[in-house]
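# Per-entry structural report
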Amino acid sequence: MTVFTIVCCVLLVVQLIGPSFAQTDKLFNAEAQKYSSLPHTVFSPQGRLYNVERNALSSSDSNDISSSLILAFNFDDDKILLLSTKSFSPYFRRKVGEKIEPDINNDSYVRSESMPFMVLPSDTVAATGGTAADALALRCSIREIALSLCKANDGMRSTHRIEGSLSTSMLAKKIADYQQLPTQNAASNRMLSSAAIVAGIDVEENRPKLSIWRCDPTGQFWKCGPMAAVGRGAGNAEMKFLREVKKWRDHGRIGKESLDELNFKISSSDVERYMASLSFDETILLACRCLVEALDVSKNEDSFNVRAILLRKDKQSTESCIETVCDEILLQGLKMVS
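In what follows, the accompanying structure is described. (Residues numbered from 1 in each chain as written. Predicted model: local features only at pLDDT ≥ 70, side-chain atom pairs only at ≥ 80, totals over all residues. Heavy atoms only, no water.)

### Regarding the packing of aromatic side chains
All told, the structure shown has four aromatic pairs when counted by the stated rule. Judged by centre distance (6.2 Å) and plane angle (55°), the rings of phenylalanine 73 and phenylalanine 241 are tilted. Remark: phenylalanine 241 occurs in helix 5 (residues 234–249) and phenylalanine 73 occurs in strand 1 (residues 69–75); sequence separation between them is 168 residues. The pair phenylalanine 73 / phenylalanine 241 is uniform in exposure class, with both members buried. Between tryptophan 248 and tyrosine 274, the ring centres sit 5.5 Å apart and the planes meet at 55°, which makes this aromatic pair tilted. A residue pair is termed long-range when its members are at least 10 positions apart, and tryptophan 248 in helix 5 and tyrosine 274 in helix 7 (residues 268–276) qualify at 26 residues. Residue class for tryptophan 248 comes out partly exposed when judged on its relative accessible area of 32%. A relative accessible area of 6% places tyrosine 274 in the buried class. An aromatic cluster is defined as three or more aromatic residues linked by ring pairs; in this entry it consists of Phe73, Phe241, Trp248 and Tyr274. (Phe/Tyr/Trp six-rings, centres within 6.5 Å; stacked < 30°, edge-to-face > 60°. Helix = DSSP H or I, 4+ residues; strand = E, 2+ residues; numbered from the N terminus. Buried < 20%, exposed > 50% of the residue type's maximum accessible area, 1.4 Å probe, protein only.)

### Some words on the packing of helix 8 (residues 280–295) against helix 9 (residues 327–337)
The interhelical angle for the contact between helix 8 and helix 9, taken along N-to-C directions, is 65°, at an axis separation of 9 Å. Viewed along their axes, helix 8 and helix 9 form a crossing whose handedness is right-handed. Between helix 8, through Ile284, Leu285, Cys288, Arg289, Leu291 and Val292, and helix 9, the contact on the second element is made entirely by Ile329, Leu330, Gly333, Leu334, Met336 and Val337. Of the residues contributing to the contact of helix 8 with helix 9, the split by class is 10 nonpolar, one polar and one charged. (Axes fitted to C-alpha atoms, helices over the stretch in contact; angles between N-to-C directions. Left-handed = near helix turned anticlockwise from the far one by under 90°. Contact = heavy atoms within 4.5 Å. Nonpolar A, V, L, I, M, F, W, Y, C, P; charged D, E, K, R; others polar.)

### Digging into the sheet that holds strand 8 (residues 227–231)
Taken together, the five strands give an open sheet; going across it, the order is 8-1-2-9-10, and neighbouring strands pair in antiparallel fashion. Whereas interior strands pair on both sides, the edge strands pair on one side only; in this sheet they are strand 8 and strand 10 (320–324). Geometrically, the sheet is characterised by an average inter-axis angle of 15° between neighbouring strands, direction not taken into account. As judged from the six bridges shared by strand 1 and strand 2 (residues 79–85), these two strands associate in the antiparallel manner. Of the residues in strand 2, the one forming a bridge with isoleucine 70 is serine 84. Running at roughly 160° to strand 8, helix 5 makes contact with strand 1 and strand 8 of the sheet. (Pairing = 2+ DSSP bridges.)

### Let's talk about the sheet that holds strand 7 (residues 221–223)
The strand order across the open sheet built from five strands is 3-4-5-6-7, with neighbouring strands paired in antiparallel fashion. Because the sheet does not close on itself, it has two edges, and the strands there are strand 3 (117–120) and strand 7. Ignoring which end each strand starts from, the neighbouring axes of this sheet average 25° apart. In this sheet, strand 4 (residues 124–130) lies alongside strand 3 in antiparallel orientation, the contact comprising four bridges. Its bridge partner lying in strand 4, leucine 120 is registered against threonine 124. Helix-sheet contacts for helix 4 (residues 168–184) involve strand 3, strand 4, strand 5 (194–204), strand 6 (207–215) and strand 7, and the interaxial angle to strand 5 is about 155°.

Nothing here speaks to function; it is geometry throughout.
Written out as structure tokens, the structure is:
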């Protein structure tokens, strides 16, 4: 068989199979458009829940300007840095005046409804990323869940793991149960296009330790490693973080791998060793790099739209404290990486 004959056979196969693939894609697009508007519990003929998939993807849509981004970094074994952007929407925005800088000595704005951070009992921090309205609704529900856990223990703020404290893992599980309800019952509340990060003290091998938990819109939850991202452009932020880990491991060599390729090339031990080597200043720069990659933030942009807090645990006890990161630190970090 000559080369010409082989080429002709290949072209014939492509002509026969090509239209069938195009028809299949058109069928899937029509199916997705039809079933994504139906309740969350309705399966398509292909066995997919398009409404659930749509809500899960929209919570991290980088093109949604109303969405907020939450980044969490666990470094130095007993510190967690949380960085967040404010939600922007013509239907959900709080006017703060003409370039009024917040009082950095007063952390009341951290507890405000206008910011994604929410301080709960025992210095547990919850933050929600996603569309503005859904992130606010989820944040209000998380507050109610946390208060119900406190009342269930006669106001002792205990989950029977650490006396007098609120377990981060238990709170994350309750949040995931709440988010999973719409996927099980069509008569329940609608599915929220928002994900949550919970940071605080948990128990590992009878030792209190700071941990980060992530709760997705579908009700999945898991304990994260040294880094977690939810909200607008979260996938881009995670890809930038893994590239920084690979650059550190390979002593400065920079690659252009995709997120899936980086997941195979970077191990959990690489990530843990990298975060253990970072100081506070280096973690701030890392967070700013991930923020710029996810949202394309300009160094001239007003830093009032970005907030960061530091959760620190005392090595000699189970107590923890929350500190507000000064706006000037964030502004300088954005200028250095932009």
